[in-house]
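For reference, the chains in residue letters:
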Amino acid sequence: MTEPLLRVDDLHVTFGGQSQQVHAVRGVSYEVNRGEFLGIVGESGSGKSVSSTAVMGLLPSSAKVTGSIRYDGRELLDLDDKQLSRIRGSEIAMIFQDPLSALTPVYTIGQQIIEGLKLHDRSISNQAARARAVELLGVVGIPNPQRRVDSFPHEFSGGMRQRAMIAIAIANDPKLIIADEPTTALDVTIQAQILEVLQKAKEITGAAVVLITHDLGVVAGNADRVAVMYAGRIVEQAPVDQLFAAPAMPYTIGLLRSMPNMAAPREERLVPLEGRPPLLTQLPKGCPFADRCPAAFAACRGEEPALLPVAGDDGHVAACIRAEEIAAGRLRRPDIFPRPEEVEAVPVARVDSAPVVELRDVKRTFPVMKGTVFRRRIGTVKAVDGVSFSIGRGTTLGLVGESGSGKTTTILELMELAKAQHGSISINGVDTATLSQADRRKLRSEIQIVFQDPMASLDPRMSIQDIIAEPLTVTGAPKDEQVRKVARMLELVGLEPSFANRYPHQFSGGQRQRIGIARALIVEPKILVLDEPVSALDVSVQAGVLNLLEDLKARLGLSYLFVAHDLAVVRHIADDVAVMYLGRIVEYGPADLIFSDPRHPYTQALFSAVPVPDPQVERTRSRVLLQGDLPSPLDEITGCPFRSRCPLYKLLPEDRQRRCAEEDPAARTVHDREVRCHWAEEERFDVAV
Amino acid sequence: MAGFLLKRLLNYLALTSVATVLGYLLVSSTLDPIARFLGRNPPIPQASIDTTLSRLGVNPDTPLLARLGNWIVNLVTTGSLGTSTRGTEVTADIFARSGTSLRLLIIGTILGAIIGIAIGVWGAVRQYKAPDQITTYASFVVLATPVFVLAVLLMITATAINRTTDSQIFNFTGEYTPGLSGGFFTLLGDRIVHLLLPTISLTVFAVASYSRYQRSAMLDVMSADYIRTARSKGRTRGSAMIRHGVRVALIPMSTFFAYSFGLVLTGASVTELAFSWHGMGEYLITSIRNNDINAAAGTILFTSILVLISGTLADFLYAALDPRVRV
Amino acid sequence: MSSIDPTTTTIETEADSASAPPDVRHGVLRRTFRAKRAWIGAIALALITLWAFVGPLLAPYNATDSDVLAFGAAPGGGHWFGTNDIGQDVYAQTLVGLQKSIIIGLIAGPLATLIAGFVGAIAGYFGGVADRVIVWVIDLLLVIPSFFILVLVSPIFKQLSWVALVVLISVFSWMIMARVVRGQTMSLRERDFVKAARYMGVKPLTIIRRHIIPNVASLLIIDATLGVGAAIIFESTLSYFGFGIQVPDVSLGSLLASYSNAAVTRPWLFALPAATLIATVLATSLLGDAFRDAIDPTSGANRD
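Residues numbered from 1 in each chain as written. Chains lettered and ligands numbered in written order. Predicted model: local features only at pLDDT ≥ 70, side-chain atom pairs only at ≥ 80, totals over all residues. Heavy atoms only, no water.

## Thoughts on the overall build of chain C
Rules: We count a stretch as a helix when DSSP gives it H or I for four or more residues in a row; a strand needs E for two or more, and each element gets its number in order from the N terminus. We call two residues contacting when some pair of their heavy atoms lies within 4.5 Å. Surface exposure here means Shrake-Rupley accessible area, sampled with a 1.4 Å probe, where a residue is shielded only by the protein chains that are shown.
Counting its secondary structure elements, chain C contains 13 helices and 0 strands. Shown N-terminal to C-terminal, the secondary structure of chain C runs as helices and strands in the order α-α-α-α-α-α-α-α-α-α-α-α-α. For chain C, the share of sequence-separated contacts (at least 6 apart) that also reach a separation of at least 24 residues comes to 69%. When the accessible area of chain C is evaluated, it comes to approximately 12100 Å², of which 69% is carbon and sulfur surface.

## Digging into the overall build of chain A
Selection criterion: As a reference, a globule follows 2.2 Å times the number of residues to the power 0.38, and the radius of gyration itself is taken over C-alpha atoms. Categorising residues by exposure relies on relative accessible area from a 1.4 Å probe, with only protein chains included: less than 20% of the type maximum marks a residue as buried, more than 50% marks it as exposed, and the intermediate range marks it as partly exposed.
Within chain A one finds 23 helices and 24 strands. For chain A, the C-alpha radius of gyration of 26 Å lies close to 26 Å, the compact-globule estimate for 689 residues. In terms of principal-axis extent, the alpha carbons of chain A reach across some 75 × 65 × 50 Å. The 689 residues of chain A split such that 58% are buried. Once local pairs closer than 6 in sequence are excluded, the contacts in chain A between residues at least 24 apart make up 68%. In the form shown here, chain A has an accessible surface area of approximately 26600 Å², with 48% of it arising from carbon and sulfur atoms.

## Focus on the nonpolar core
This is how the line gets drawn: Definition used in this section: a nonpolar core is a set of buried Ala, Val, Leu, Ile, Met, Phe, Trp, Tyr and Cys residues joined via side-chain atoms within 4.5 Å.
The biggest cluster of nonpolar side chains holds 118 residues, and the ones touching the most others in it are Tyr30(A) and Leu176(A). For this core, the leading source of residues is helix α6 (residues 158–170) of chain A, giving 8 residues. The contact partners of Leu176(A), leaving out residues within four places of it in the chain, are Leu5(A), Leu6(A), Val32(A), Tyr71(A), Glu91(A), Ile92(A), Ala93(A), Ala207(A), Ala208(A) and Val210(A). The next biggest cluster of nonpolar side chains, apart from the first, holds 117 residues, and it includes Phe257(B), Leu265(B), Ala314(B) and Leu165(C).

## Observations concerning the confidence of the model for chain C
Residue and element names in this part refer to chain C. Using the following cut-off: pLDDT measures the predictor's confidence residue by residue and takes values from 0 up to 100.
Confidence in the prediction for chain C averages 80 pLDDT; 85% of positions are at 70 or higher. Mean pLDDT in chain C bottoms out at helix α1 (residues 13–18), which sits at 31, and peaks at helix α4 (residues 90–126), which reaches 91. Counting interchain partners and residues more than four positions distant, the pLDDT-below-50 stretch residues 1–25 has 55 contacts. In the model, residues 297–304 has pLDDT below 50 throughout and makes 33 contacts with residues more than four positions away in sequence or in other chains. Interface confidence for the predicted complex, expressed as ipTM, amounts to 0.85; the pTM equals 0.83.

## Things to note about the domain arrangement of chain A
All names here are of chain A. To keep it simple, the criterion reads: For every domain, the bounds stem from an assignment made automatically or drawn from a database. When two parts are put together, the accessible area they lose, computed with a 1.4 Å probe and summed over both, is reported as buried area. Here, a salt bridge means any side-chain nitrogen of Lys or Arg that lies within 4 Å of a carboxyl oxygen of Asp or Glu. As used in this structure description, the phrase polar contact means that two N or O atoms lie within 3.5 Å; if the pair is within protein, one of them must be able to donate a hydrogen and the other to accept it, and residues adjacent in sequence are counted only when both atoms belong to side chains. For this scheme, ten residues count as nonpolar: Ala, Val, Leu, Ile, Met, Phe, Trp, Tyr, Cys and Pro. Four count as charged, namely Asp, Glu, Lys and Arg, and the remainder, Gly too, count as polar.
Segmentation of chain A into domains returns domain 1 (6–223), domain 2 (252–336), domain 3 (357–589) and domain 4 (594–675). Distance from the C-alpha centre of domain 1 to the C-alpha centre of domain 3: 37 Å. The interface is formed by 7 residues belonging to domain 1 together with 6 residues belonging to domain 3. Summing both partners gives a buried area of about 580 Å² for domain 1 against domain 3, and 41% of it is carried by carbon and sulfur. Considering only the side of domain 1, the residues that lose the most area to domain 3 are Glu 43, Asp 187 and Val 188, jointly responsible for 67% of the buried surface there. Joining domain 1 to domain 3, the criterion identifies 0 salt bridges. Linking domain 1 with domain 3 are 4 residue pairs in polar contact (both at pLDDT 80 or more). The class makeup of the residues in the side of domain 1 that touches domain 3 is 2 nonpolar, 3 polar and 2 charged.

## Quick notes on the packing of aromatic side chains
Convention followed: A pair of aromatic rings is counted whenever rings of Phe, Tyr or Trp (Trp by its six-membered ring) have centres within 6.5 Å, and the orientation is called stacked for planes under 30 degrees apart, edge-to-face for over 60 and tilted otherwise.
This model, assessed by the stated rule, comprises 20 aromatic pairs over all chains. Centre to centre, the rings of Tyr581(A) and Phe642(A) are 4.9 Å apart; their planes meet at 80 degrees, and the pair counts as edge-to-face. Highlighted residues: Tyr581(A) in strand β21 (residues 576–581) and Phe642(A) in the loop between α22 (615–620) and α23 (654–662), separated in sequence by 61 residues. Here Tyr581(A) matches Phe642(A) in class, with each residue buried. Geometrically, the ring pair formed by Tyr137(B) and Phe140(B) is edge-to-face, given 6.2 Å between the ring centres and 65 degrees between the ring planes. Residue Tyr137(B) and its partner Phe140(B) are located together in helix α5 (residues 130–143), separated by 3 residues, close to a single helical turn.

## Notes on the sheet that holds strand β15 (residues 396–400) of chain A
Residue and element names in this part refer to chain A. Where we set the bar: In this description, strands pair whenever DSSP reports at least two bridges between them. Note on method: axes are straight lines fitted to C-alpha atoms, helices fitted across the in-contact stretch only, with angles between N-to-C directions ranging 0 to 180 degrees.
Here 8 strands make up an open sheet; going across it, the order is β18-β19-β20-β15-β21-β22-β24-β23 and the pairing mixed. Among the strands making up the open sheet, the edge pair consists of β18 (447–450) and β23 (668–670). With strand direction ignored, the average angle separating the axes of adjacent strands in the sheet is 20 degrees. Note: β21 against strand β22 (residues 584–590), 6 bridges, orientation antiparallel. Note that in β22 the partner of Val 577 across the bridge is Gly 589. Across the sheet, helix α18 (residues 539–556) is in contact with β15, β19 (527–531) and β20 (559–564); its angle to β20 comes to roughly 155 degrees.

## Comments concerning the UniProt feature "transmembrane region" (unreviewed entry) in chain C
Filter applied, for reference: UniProt positions are given in the numbering used here, feature names are shortened, and annotations may be inferred rather than shown by experiment.
Per the UniProt annotation, the sites labelled "transmembrane region" (unreviewed entry) are residues 38–59, 102–126, 133–154, 160–181, 212–234 and 268–287 of chain C. Strand forms 0% of residues 160–181 of chain C and helix 77%; the C-alpha atoms that close the span are 32 Å apart.

## Observations regarding the environment of Gly245(B)
All names here are of chain B. Considering the arrangement of structural elements, one finds Gly 245 in helix α9 (residues 237–274). For Gly 245, a relative accessible area of 0% puts it in the buried group. Residues Gly 245 and Ile 227, spaced 18 residues apart in sequence, show a C-alpha to C-alpha distance of 6.8 Å. If near-sequence neighbours (up to four positions away) are discounted, Gly 245 is found in contact with Met 218, Val 221, Ile 227 and Ala 240.

## Focus: the pattern of salt bridges
All names here are of chain A. Enumeration according to the criterion identifies 47 salt bridges over all chains in this entry. Linking Arg 292 and Glu 43 is a salt bridge whose minimum nitrogen-to-oxygen distance equals 3.8 Å. Of this pair, Arg 292 sits in the loop between α10 (250–258) and β11 (308–309) while Glu 43 is found in the loop between β3 (37–41) and α1 (48–56), placing the two residues 249 residues apart along the sequence. Comparing Arg 292 with Glu 43 shows no difference in burial state: the two are buried. The closest approach of N and O atoms between Glu 91 and Lys 175, which form a salt bridge, is 3.4 Å. Here Glu 91, found in the loop between α2 (81–87) and β6 (92–95), pairs with Lys 175, found in the loop between α6 and β7 (176–180); they are 84 residues apart in sequence, far enough to count as distant. Among the residues examined, Lys 175 registers a relative accessible area of 34% and is labelled partly exposed.

## Quick look at the pairing of β19(A)
Residue and element names in this part refer to chain A. Put simply, the test is: Seen with its strands pointing away from the viewer, a crossover is right-handed if its path from the first strand over the helix to the second goes clockwise.
A large share of β19 lies buried, amounting to 5 of its 5 residues. Residues Ile 527, Val 529 and Asp 531 point to one face of β19 and Leu 528 and Leu 530 to the other, with burial holding for every one of them. Bridge count for β19 against β20 is 5 bridges, and the pairing is parallel. Residue pairing for β20: Val 529 is matched across the bridge by Leu 561. You can see the chain leave β19, run along α18 and come back into β20, and the turn it takes is right-handed.

## Brief notes about the interface of chain C and chain B
Counting from both sides, the interface comprises 47 residues of chain C and, opposite them, 48 residues of chain B. Counting across the interface, chain C meets chain B through 1 salt bridge. A salt bridge links Arg212(B) to Asp289(C), with the shortest nitrogen-to-oxygen separation between them at 3.5 Å. Taken together, the connections running from chain C to chain B amount to 4 residue pairs in polar contact (both at pLDDT 80 or more). Among the secondary structure elements, those contributing two or more residues to the side of chain C that touches chain B are α5 (128–143), α6 (146–157), α8 (175–189), α10 (204–240), α12 (267–295) and α13 (297–300) of chain C. Of all the elements, α12(C) adds the most residues to the side of chain C that touches chain B, at 11 residues. Classifying every residue of the side of chain C that touches chain B gives 31 nonpolar, 9 polar and 7 charged.

## Some thoughts on unusual backbone geometry
A positive phi angle is found at Asp10(A), which is not glycine, with a value near 45 degrees. Here Asp10(A) shows up in strand β1 (residues 6–15). Notably, Asn291(B) is not glycine yet its phi reads approximately 55 degrees, a positive angle. The topology assignment puts Asn291(B) in the loop between α10 (280–289) and α11 (293–321).

Shown next as structure tokens:
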């Protein structure tokens, strides 16, 4: 093959006028060969999406694009919108991140697929187009496609919408599919399914795929070649094995080392990659990564390093003046990003103390209303359906599950410090149902919460001082004491005390989350509820925040209720784990035990769905794929609620299946943890796919 | 679905009833039916005033709630809204006049919506280009102009045109030329000519407000991901906007229609008055000037029924446009 | 208008928020006045107000005296807007009317916004029964157009001073904005920083004061600005039909009413005061619209 399918050469994209130009993409060059799977990895703001959107010609008109994009011998930048529209959808197709907003809400899924077909084949009859749409939906794994073809997007779940997006993309057998963060908005279990469908789509159409993602784990198992982007440029590119085994650019090394990894030892400290990417409005001279790079020296700040081949590795390029040293082993990778020291834990007597938080059979139901204009009650959702757990002093309970499993409702129920709808909640041995209004306010200083999105949880119009001191205003602490305490808190979370009079938007995501933690800690609580505290952060800064949380726990003797969907993170930080499914805890016990030997088929599937940032492991390990989506919470389910998706259930002999269908498994202790499965004692079935 | 619309309708009915009752109480306490009889020469005897007032059901000596009760009972059992101070049946008056008002209102609303939506879409698609700038500033000027000023300015212009062309192209006082004789088509033509200026006046006003709203609704959807998806399927920018954008941007318009109806209704009444039409706007104002409680209360009922119909219509539109509310 | 294209904010959030100006409110003002029409609106409004209150001092005639040498004169000479049938100077009358109209607008618009902000925030934050009652009352008030309601109650305020009219205009102009504030509040209430405050034990009214109101303040500023123009139009329409300002007070509306019969024969009597009215309202709406564009990052920027 002489010419690659797609050749991007020295692509530059700039937004904005003269006063403040954002140079989002700065000289990106890459090639995609026919049938190849290229992964492009980068954090937010790295320019990965902009550069791919430029290929489709879908950037807003305010973007200035220069360079060259050659597709199949044609220069795409020379084509106008009309000429490009003939290529879009027929030759090059794109899959977007958020499948809800990417589908037009007023047309059926079928209409939207047929539209794509008819745009490029005017002669196709309505009947044939519809038949093809049904066929495509079948290909991407939508059950009952004849019926679902007439559904509207809002009637689909997130995973099904993304399947439909893939169906639209492959409708005209494109030669190139660009997938822009196709799984970011989805749960791990659904992510695993979508990646499978994407692979299948690639096989059927023979198309080349460009997968854009922030998650190294996602590309590890799928891509042939990986490009890493940073501050608008490709900083390293290599065949997938090489990139993971022998990265030559310190940024890639840092990224790989900072990721919590399901395959790494559990107790190991994470390696933080401090700092934030430079602003694309005012790039520093020299290597844009120099400020965050522990291996940087004076020469790094002189001139921006070019993307050059790394000796000895075929097809491996890196933009680092020390790449040779790294590749040759003269500069050892672990030395660039050393593992931080463990912090000495304050010894807490775990045995004698009563639990600080205890939930007993807590239930929470909501009426379900349907329609935006015409609301009516159509049923009841059991968001939390009999949850019991307890957290000991100085320990961390990890609460995991897919979205819709009831994790968030559980913690909101806890944070109300009120009487639960059903069951009991006690904090430090006090039943919250018995509290008076004043007691409740007093108890608030014992338990505080840190939210997922650090931007949303800080009032953008208040200074850091006022934000962190807000809990103190409730008790009416004097102003000078507030100032003193805020300064101490800022120091505690690793920020400059002088930051107090700045505003939230002046900080990076990681710093904002530290501010959120400082606010929670200022009243010296003993319990911290952490609601997905790192999931909104870029991978590189996650590690810093997680390490901080571990340090704080050790130094202050805190107890954490850590809610997360990222199992690698939970595995890293939790002492105990509770796995939730449809409002119940299906497996609950010590983290060591559960992560090494999950007993519930759901736990097994969850673990297996987490991608591991190691291509070798990804290729060899067996997977437990979950079928379908979380059932509608409205359904009345008899027997085991997990039955409809259970990989084990399908393999069971009929008599055992009947038990699953008829009898709801109660929580019982099996191998030192609580499990809700009839067959938890059995040797694990070979449920691998 | 039908159930929800029914529920909404019931809510509207409740609102209409309460509004009408409150309206009746309001006019009964603000209007002074006796004022009409005072200061006459020779003075009208008190007994005669009382008889007249009692016959109308507006005698202040009867407790207010009792008057209200009678009015409602009368309305429900006989469908009558009572007698006006001029001795005519209010119900009959309203029937006679409502055609005049509705003609203007319906034509103005429909034309205003169609033209306004078209201009709004055009402006949004050509954002910051000449068409957008011109329509934007034009609608600002129109929205800064009270409807009565618009009407009078149109009359000044029409008169000027009539004078310079020495003709009667624009004939705008009243609904028709009194005493005009001729065949059906002559009369129809005369009415159409009379309808011209008021319709322009109301339509221009409606176009200005609908187009602003449609423009911003359109801008909201223009950056939506699904427009990008449609383009990624092979639509050009323009065709993606029209096929996917406009269709979605129409949804909030149905809500805006319900909200703006009160304003359009006011605009229509003001237009009628400015062009001396004998419609419901004039009826309301003369009833206030005559201290005519029954006529004023009747107008309130009429208005609230119009609002009820427009609200229900907007709900139907919403349900028809947005599959997410259909169940 | 943000210098960074909003379509990229999903992928460039870090860069976008980091480049935002340090003080948010200051930023809104700066963004507002980057638009030309904001300057036009603000300067025009300032000049018109100055003109209304200083102009009469500099005018050659006052509003009530008759110029016996000029009955029904066309504009020109000393009478810039002409005179009426009894020789009164229309220019002087226009300025007196303008004064009243501006005062009415400046009081009634913001007052209505105040009511809307208060009622909307209460309904949105507390929800439940309070919300349902408030929404129902709003719907009820929307059943009869405010213009009609004011006509109906006109017999009462006609006997009172014009202040009563101003208050009544506000009392019947807040409903739609209150619904908007309510919607905003409902979504703010679900925002994490409000939840965080709640879980700290901050009292509801403090949360509304500290978190809700500042975050809808921009919306309220827009509404108050546009409300000035709306109130001026509302008042002039009422006065035109004799239900608004009563003699001896004069507003632009009542002035226009007295000259509308002469409009066809002597257009300047009507057109010049009308132009003054339109210019005033236009200035407020240009300013208000520029505010809206600056505050709502999705409303104005160049996108496709």
